[in-house]
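Secondary and tertiary structure notes
Residues per chain are reported as follows:
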Amino acid sequence: MIDIQTKMTERALELLCLPEGQPSFLLDIGCGSGLSGDYISEEGHYWVGIDISPAMLDAALDRDTEGDLLLGDMGQGIPFRPGSFDGCISISAVQWLCNANKKSDVPARRLYCFFSSLYSALVHGARAVLQLYPENSEQLELITTQATRAGFTGGVVVDFPNSAKAKKFYLCLFSGPSTSLPKGLTESQDADQATELTFTSERAPHKKARRDLVKKSREWVLEKKERRRRQGKEVRPDTQYTGRKRKPRF
Amino acid sequence: MRSVRSFRFRPRELPSGNMKLLTHNLLSSHVRGVGTRGFPLRLQATEVRINPVEFNPDFVARMIPKVEWAALVQAADTLNLAEVPKEPTEGYEHDETFLRKMHHVLLEVDVLEGTLQCPESGRLFPISRGIPNMLLNDEETET
């Protein structure tokens, strides 16, 4: 678990494109027990972390992190003066804004409050890189819409889009003039791999083929034999007799 | 009837974080309706600790333009700190004496226990073990 967090922090910092050889002042949203913060410190930057969980912050105290910690709810706004931070990262936290924990919570409003106050707290031209786990495309769209409303430009960088395990989403937001979005990582070295987010609810493309077939019909039998061939099983070859009507005693 | 004795071991010193004066200088109240009048938060400290931090002149120099001097001077005053510059000297980027003083004030003075008060609404944010509690209740949030 620790290693993944550190890797994601490393990637987020990479995407942040901070000026080289210069210590920056960063905001870590959902800093938790300070794993990401430790990496930021190691890279020579200074940071302030916010988290909503006293237990996680306690763990951060035990680990003696270098950044200042705040107990706060990002959905209530980032309580800092305009132009406080040179950049912002977040690891696995922002998707929580989409949960309505109390009846009074409206996710869209909390998201907007978060993004607009974050926009203000950043130095003009600074970036925010937010690694998150969106539940589905609707949720991701909700998040990006509110970020855009708040004044951010940018997009989603997807690393390893073809791997269910390794796939990671980084919401890269720019508070100044638009720059080009960095490319997402892939297993192969192909430069043509798409980094655009293609979110489909397609999970079983073969299921559609089966839906319209009448059971036990010739088409159904042929489709079933094809399926078993795809599964690598031994199947008799299709002939003119495949799926023919048999005598009732069958 | 046997009486039950409970033993509670309290560690001598609980690990605590820090709220640096740099952070205090940037914090602003986000209570509903307060806006820019939420700065600066009035600092009151009951426990302060000096915590040496490695001097990084580059970083200190980069933070100087962000500092709100009136708020810093006031906070330093509350904590009875001596030798606090009231404003940046000319050519401060190369003035090591100045940068070292600012480094000490901004990064080495930790507030462990105290309160931060919103100047507009009067709302108190407690600081416990170096961590300010900025959680608002429903009526106070903008949403």
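If you look chain B up in an unreviewed UniProt entry, it shows as Multifunctional methyltransferase subunit TRM112-like protein from Cricetulus griseus. As stated in UniProt under Sequence similarities (unreviewed entry), the record for chain B gives "Belongs to the TRM112 family."

An unreviewed UniProt entry annotates chain A as 18S rRNA (guanine-N(7))-methyltransferase originating from Cricetulus griseus. Within the UniProt record for chain A, the comment given under Sequence similarities (unreviewed entry) is "Belongs to the class I-like SAM-binding methyltransferase superfamily. BUD23/WBSCR22 family." One UniProt comment on chain A, placed under Subunit (unreviewed entry), says "Heterodimer with TRMT112; this heterodimerization is necessary for the metabolic stability and activity of the catalytic subunit BUD23. Interacts with GRIP1."

In this assembly, 35 residues from chain A lie in contact with 35 residues from chain B. Interface area for chain A against chain B, summed over the two sides, is near 2900 Å², with a carbon-plus-sulfur share of 58%. Among the residues chain A hides against chain B, the three largest losses belong to Leu-61, Gln-76 and Arg-81 of chain A. Together they make up 25% of the total. At the boundary of chain A and chain B, one finds four salt bridges. Lys-66 of chain B is the partner of Asp-86 of chain A in a salt bridge, and the nearest nitrogen-oxygen pair spans 2.8 Å. For the pair chain A and chain B, the number of links is 15 residue pairs in polar contact (both at pLDDT 80 or more). In terms of residue class, the side of chain A that touches chain B is built from 15 nonpolar, ten polar and ten charged.

The next subject is the packing of aromatic side chains. Here a ring pair, both rings aromatic, is described through the centre-centre distance and the interplanar angle of the planes. According to the stated counting rule, one finds nine aromatic pairs over all chains in the structure shown. Taking the centre distance of 6.1 Å and the plane angle of 50 degrees together, the rings of Phe-25 of chain A and Phe-59 of chain B count as tilted. Here Phe-25 of chain A, found in strand β1 (residues 25-29), pairs with Phe-59 of chain B, found in helix α2 (residues 57-63), and the two come from separate chains. Both residues of the pair, Phe-25 of chain A and Phe-59 of chain B, count as buried. Ring centres 5.1 Å apart and planes at 80 degrees place the aromatic pair Tyr-119 of chain A and Phe-152 of chain A in the edge-to-face group.

Here the focus is the pattern of salt bridges. All names here are of chain A. Counted under the stated rule, the structure contains 18 salt bridges over all chains. Salt-bridge contacts for Glu-14 lead to Arg-11; the nearest nitrogen and oxygen are separated by 3.3 Å. With Glu-14 and Arg-11 both in helix α1 (residues 2-16) and three residues apart, this pair spans about one turn of that helix. The exposure class assigned to Arg-11 is buried, which follows from its relative accessible area of 8%. Its salt-bridge partner being Arg-230, residue Glu-223 comes within 3.3 Å of it at the nearest N-O pair. A network of salt bridges, in which partner residues are shared, links Lys-225, Glu-226, Arg-229 and Asp-238.

Definitions and cut-offs
- Residues numbered from 1 in each chain as written.
- Chains lettered and ligands numbered in written order.
- Predicted model: local features only at pLDDT ≥ 70, side-chain atom pairs only at ≥ 80, totals over all residues.
- Heavy atoms only, no water.
- UniProt positions renumbered as here; feature names shortened; annotations may be inferred.
- Contact = heavy atoms within 4.5 Å.
- Buried area = accessible area lost by both parts, 1.4 Å probe.
- Salt bridge = Lys/Arg side-chain N within 4 Å of Asp/Glu carboxyl O.
- Polar contact = N/O pair within 3.5 Å; in protein donor to acceptor, adjacent residues only side chain to side chain.
- Nonpolar A, V, L, I, M, F, W, Y, C, P; charged D, E, K, R; others polar.
- Phe/Tyr/Trp six-rings, centres within 6.5 Å; stacked < 30°, edge-to-face > 60°.
- Helix = DSSP H or I, 4+ residues; strand = E, 2+ residues; numbered from the N terminus.
- Buried < 20%, exposed > 50% of the residue type's maximum accessible area, 1.4 Å probe, protein only.

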